[in-house]
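Analysis of the macromolecular model
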Amino acid sequence: MNRQLLLCIGRAGTCMGTMAFAGALPVLRSVWHMDATTAGAIQTAFNLSNAVALLVASWLSDSLGAKRVYLACTWAGAAALVMFAIFARSPHTALILIVFVGLTQGGAYTPALLLVADWSSPAERGRAMGQMLAAGSFGYLLSVSLSMWVARAYGPAAGFAICAIGALAGAMVGQFSLKGVENRRCQREAEGSSEPIQWKSVFGTTSVCLLVGYVAHCWELLGSWAWTPTLLATVLQPSGLGAMTISLIVGGTVHLSGMIATGVVGALSDRWGRSRVLICVGAMGALCSTLIGWSEQWGAGWVIALAAIGSFFILADSGVLSAAMTDEVPAVYLGRVMGVRSILGFGAGALAPMTFGATLDWTHQWGWAYMPLAAGGLVAFLAALGLRKISQPVAGITALARTDL
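The rules behind each value
- Residues numbered from 1 in each chain as written.
- Predicted model: local features only at pLDDT ≥ 70, side-chain atom pairs only at ≥ 80, totals over all residues.
- Heavy atoms only, no water.
- Axes fitted to C-alpha atoms, helices over the stretch in contact; angles between N-to-C directions.
- Helix = DSSP H or I, 4+ residues; strand = E, 2+ residues; numbered from the N terminus.
- Parallel < 35°, antiparallel > 145°, perpendicular 65-115°, else oblique.
- Left-handed = near helix turned anticlockwise from the far one by under 90°.
- Contact = heavy atoms within 4.5 Å.
- Phe/Tyr/Trp six-rings, centres within 6.5 Å; stacked < 30°, edge-to-face > 60°.
- Lys NZ or Arg CZ within 6 Å of the ring centre and 35° of its normal.
- Buried < 20%, exposed > 50% of the residue type's maximum accessible area, 1.4 Å probe, protein only.
- Expected span 1.5 Å × (residues − 1).
- Arc of directions from axis to C-beta.

Direction vectors running N to C along helix α4 (residues 66–87) and helix α5 (residues 91–105) enclose 165°, while the axes themselves pass 7 Å from each other. Comparing their axes, α5 and α4 come out roughly antiparallel. In this structure, α4 meets α5 at a crossing whose hand is left-handed. Here C73, A76, G77, A80, L81, M83, F84 and F87 of α4 come into contact with α5, specifically with T93, A94, L97, I98, F100, V101, T104 and Q105.

The structure is reproduced here in structure tokens:
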């Protein structure tokens, strides 16, 4: 079997821990007697610890090698999720334990992208990274659907346990997929060079636009991932559908469209140019985030349709932004630059679920709660417009050819 396909399968399994809390949240809010602000704070704690893990793992990938860091994080993440399933029994214990889940499993994200970037040519990088992100989205789909269904049927602990089993399986497949793969370290680090990074030369105007777009993308995405499953479960509750059916609808709506988006849009960016695609998906993501919350007053059908379309566009720019950054930044700095990007993006995005929850508690309106997320989509759109106006060579290829600036 193709090595990249195996790694994608393993990545899908390891991502099952990411959405375990969000999937079980409709049940947890009543069982643990949580208001929206408390629930958002727990998700924010996970996202912040995830951001720290992304920074550290990205930085270490240069000196230790992406393969070694990826495997260490996947196994540690699976172990942390097992501990969460066993001991998380209240908002207080969940707040502490979810930090360990984020600190461990979050570190696998950037090393996986670095492995794919190393295996693919620039002309195919958008498609390859899109496939890896699509695998992650499939893991999120399984995570949300299974944790919600099992939590409703057997309790939250069982919902977390099923995701922990998936993460352990993903770690085993990932280990097998990388058997025989050389653990390549950054040559500059391997030679022990003490020359510091020239950040001003690395973060040129193009990189800054990509960085701003990524931060805005993370804000919109992490807020939507945390709360859209709960909105969908809320509007579907009066329908009389079974727990399994509701869970499948929620998981499919939020993550199936996103899984398709990263693969399709990543390939389109290879053909049409990065900035052109980023402009389109940024604008559509902002529009959909504006409409999703207000559609709660129009009926479940509208919520499902807009959430599916919104999930497509909100996630679609993820692989494109990553591919564009690997086009722009020299390989010798890539791990550390991706680490800085991750801590800024996920660090800012980590606050989105809590901001959403506080807005929902304050206004009692889903529509107003989605407005901060729509602002993130708008900023991503404006950053893509700025990217479009830039014309300069990047990383051995012409910006016009690859990023279509």
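From this point, things continue past the structure.
Right, let's talk about the packing of aromatic side chains for a bit. Under the defined criterion, the tally for this structure stands at 10 aromatic pairs. Relative to W368, the ring of W294 has its centre 5.3 Å away and its plane inclined at 80°; by these criteria the two rings are edge-to-face. With W294 in helix α13 (residues 274–294) and W368 in helix α17 (residues 366–388), this residue pair connects regions lying 74 residues apart in the sequence. Taken together, the ring pairs connect W227, F356, W366 and Y370 into an aromatic cluster. The aromatic ring of Y214 is capped on one face by R341, whose charged end is 3.7 Å from the ring centroid.

With that out of the way, let us pick up the environment of F356. Locating F356 in the fold gives a position in helix α16 (residues 351–363). With relative accessibility at 1%, the residue F356 sits in the buried group. Among all residues touching F356, those that are not within four sequence positions of it are W227, W366, A369, Y370 and L373.

Glancing now at α16. Taking 1.5 Å of rise per residue, 13 residues should cover 18 Å, and α16 covers 18 Å from first to last C-alpha, within 8% of that figure. Taken together, the buried positions of α16 are A352, P353, F356, G357, T359 and L360. Each buried residue of α16 lies within a common arc of 165° when the element is viewed along its axis, so the set occupies one face. In the stretch just after α16, H364 is the one whose phi turns positive, near 55°.

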